[in-house]
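# Commentary on secondary and tertiary structure
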Amino acid sequence: MEKHGRRKRMSKENSFDIVSKVDLTEVTNSVNQALKEIENRYDFKGSKSDITLEKEELVIVSDDEFKLEQVKDVLNGKLIKRGISLKSVSYGKVEPASGGTVRQRGKIAQGIDADNAKKINKLIKDTKLKVKSQIQDDQVRVSGKSRDDLQQVMSALKAADFPLDLQFINFR
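A few points on the structure. Every value quoted in this text rests on a predicted model; they were computed, and no experiment measured them.

All right, on to the packing of helix α1 (residues 24–40) against helix α2 (residues 65–81) then. At a closest axis distance of 8 Å, the pairing of α1 and α2 adopts a crossing angle of 135°. On the basis of the axis angle, α1 is oblique to α2. By crossing handedness, the relation of α1 to α2 is classed as right-handed. Between α1 and α2, the residues in contact are Val27, Ser30, Val31, Gln33, Ala34, Glu37 and Ile38 and Val71, Val74, Leu75, Lys78 and Leu79, respectively.

Next comes the structure, spelled out in structure tokens:
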């Protein structure tokens, strides 16, 4: 204790990490629920509709593009219910598959790619707040003395419409 009963405060850096991660267990659960619903729906009787998860890629197969869109709608509904942002899935183009069916692949984004990491850094610099940001592999670490500044950065990032689902972790 110093004189006059005032404590000396250490100026400590606070930080958090910006990541874009998808819980693949929840994706698997969403796929299973969607398949169960498709199995029981009258409009899918006799349909060759299927959804599979191959590592970090969804593969949707159906009779035609119309049915494929319906399958995708069912799956997207299940993903949203399980807390998975649709920004995390980027669908490719519809392609012909075996047996007269069509197929579409949906890549599940894990991590922040270099382009988006640079855009995030630029946005953080443009806030003119007293924080530092650095790209670390597939995430961005933001640090600064003021917790308020860090929270303003989070708000700015939430307001900016990035093409991926950002999460803020390790807030210290």
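Okay, α2 next. For α2, which comprises 17 residues, the first-to-last C-alpha distance of 24 Å matches the rise-based estimate of 24 Å (1.5 Å per residue) to within 8%. By the burial criterion, the buried members of α2 are Lys67, Leu68, Gln70, Val71, Lys72, Val74, Leu75, Asn76, Lys78 and Leu79. Packed against the buried residues of α2 are α1, β2 (50–54), β3 (57–62), β4 (89–91) and β6 (102–108). If you check the start of α2, you find a side-chain oxygen 3.1 Å away from the backbone N of phenylalanine 66, and it comes from aspartate 64. Once α2 ends, the next one or two residues include glycine 83, with phi positive near 80°.

Take the side chain of asparagine 116 next. The residue asparagine 116 is located in helix α3 (residues 114–126) in this model. A distance of 2.8 Å separates a polar atom in the side chain of asparagine 116 from a polar atom in the side chain of aspartate 113. Once you skip the residues sitting within four places of it in the chain, asparagine 116 turns out to touch Phe162, Pro163 and Leu164.

Counting 18 residues, the largest nonpolar core has Val27, Ile51, Leu58 and Leu75 as its most contacted members. Sorting the residues of this core by element identifies α1, β3, α2 and β6 as the ones contributing at least two each. For this core, the element with the most residues is α2, which contributes five residues. Ignoring sequence-local partners within four residues, the contact set of isoleucine 51 consists of Val31, Ala34, Leu35, Ile38, Leu58, Val59, Ile60, Val71 and Leu75. Formed by 16 residues, the second largest nonpolar core is a distinct cluster that contains Val140, Leu150, Leu157 and Leu164.

Parameters at a glance
- Residues numbered from 1 in each chain as written.
- Predicted model: local features only at pLDDT ≥ 70, side-chain atom pairs only at ≥ 80, totals over all residues.
- Heavy atoms only, no water.
- Axes fitted to C-alpha atoms, helices over the stretch in contact; angles between N-to-C directions.
- Helix = DSSP H or I, 4+ residues; strand = E, 2+ residues; numbered from the N terminus.
- Parallel < 35°, antiparallel > 145°, perpendicular 65-115°, else oblique.
- Left-handed = near helix turned anticlockwise from the far one by under 90°.
- Contact = heavy atoms within 4.5 Å.
- Expected span 1.5 Å × (residues − 1).
- Buried < 20%, exposed > 50% of the residue type's maximum accessible area, 1.4 Å probe, protein only.
- Polar contact = N/O pair within 3.5 Å; in protein donor to acceptor, adjacent residues only side chain to side chain.
- Core = buried A, V, L, I, M, F, W, Y, C linked by side-chain atoms within 4.5 Å.

In short, geometric facts, not functional conclusions.
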